[in-house]
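Inside the fold
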Amino acid sequence: VIRFGPLLATIIAQGRAEGEFHVSSPDDSARVLVSLIHGAQDLAGELFFAREAGTVTFETVQARLAAYTDAFERILGAQPGSLEIVDDSVLRQWFG
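Rules and cut-offs
- Residues numbered from 1 in each chain as written.
- Predicted model: local features only at pLDDT ≥ 70, side-chain atom pairs only at ≥ 80, totals over all residues.
- Heavy atoms only, no water.
- Helix = DSSP H or I, 4+ residues; strand = E, 2+ residues; numbered from the N terminus.
- Buried < 20%, exposed > 50% of the residue type's maximum accessible area, 1.4 Å probe, protein only.
- Contact = heavy atoms within 4.5 Å.
- Areas by Shrake-Rupley, 256 points an atom, 1.4 Å probe, with all protein chains shown as cover.
- Lys, Arg positive; Asp, Glu negative; His and termini not counted.
- Charge placed at Lys NZ, Arg CZ, Asp CG, Glu CD.
- Salt bridge = Lys/Arg side-chain N within 4 Å of Asp/Glu carboxyl O.
- 1 Å grid on protein atoms, 1.4 Å probe; cavity = no way out; pocket = protein on both sides within 12 Å on 5 of 7 lines; lining within 4 Å.
- Points joined across faces, edges and corners; volume = space filled by probe spheres on them.
- Nonpolar A, V, L, I, M, F, W, Y, C, P; charged D, E, K, R; others polar.
- pLDDT = per-residue confidence, 0-100.
- Patch = residues over 30% accessible without salt bridge, like charges linked within 9 Å, V, L, I, M, F, W, Y side chains within 5 Å.

Focus: the overall build of the protein
The secondary structure content of the protein amounts to 4 helices and 0 strands. Reading the protein from its N end, one meets helices and strands in the order α-α-α-α. Reported as C-alpha extents along the three principal axes, the dimensions of the protein are approximately 45 × 30 × 15 Å. When burial is assessed residue by residue, the protein has 30% of its 96 residues classed as buried. Counting contacts in the protein only where the partners sit at least 6 residues apart, residues at least 24 apart contribute 55% of the total. Of the roughly 6,300 Å² that the protein leaves accessible, carbon and sulfur atoms contribute 54%. Side-chain charges in the protein split into 7 positive and 13 negative, and the spacing between the mean points of these groups amounts to 4 Å.

Observations regarding the pattern of salt bridges
Across all of its chains, the model carries 1 salt bridge by this definition. The closest approach of N and O atoms between Asp88 and Arg92, which form a salt bridge, is 3.5 Å. Placement of the pair is Asp88 and Arg92 together in helix α4 (residues 88-95), with a separation of 4 residues, close to one helical turn. The exposure class assigned to Arg92 is partly exposed, which follows from its relative accessible area of 46%.

Digging into the layout of surface pockets
Estimated volume of the largest pocket: approximately 320 Å³. If you go around the largest pocket, you meet 14 residues; those closest to its centre are Ala40, Ala44, Leu65, Ile85 and Val86. Secondary-structure elements contributing two or more residues to the lining of the largest pocket are α2 (26-53), α3 (58-76) and α4. Here the residues of the lining of the largest pocket sort into 12 nonpolar, 1 polar and 1 charged.

Looking at the side chain of Glu73
Within the secondary structure, Glu73 is located in helix α3. Buried charged residue Glu73 carries no salt bridge. Nearest counter-charge: Arg74, at 6.9 Å. In this structure, Glu73 is in contact with Ala78, Gln79, Pro80, Gly81, Ser82 and Leu83, ignoring residues within four places of it in sequence.

Some remarks on the confidence of the model for the protein
Chain-level statistics for the protein give a pLDDT mean of 95 and a share of 100% at 70 or above. At the low end of the mean pLDDT range in the protein sits α4, at 91; at the high end sits helix α1 (residues 4-17), at 97.

A look at a nonpolar patch on the surface
On the surface, Phe4, Leu7 and Ile11 cluster together to form a nonpolar patch covering roughly 270 Å² of accessible area. Here Ile11 is to be found in helix α1.

The structure is reproduced here in structure tokens:
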């Protein structure tokens, strides 16, 4: 949060200035997004091992991680579908 938060807040402030993001506080939004990033990393690790064990499908992995993209867009007030947080080709490399 200490190192990544200010960088992310700068990006969010720029997006707000350009009318792409609709947030009241770039700093507070960045803090929330950093928390979500940590959660997504934890989930990705769990899903990786579950996929290796054959207990989840690739489609489940896609859906569970896509929920983070939806959350990012909502927190930022961005248009649905405007952010690509998880690249499908990368998912296929790791989970395919």
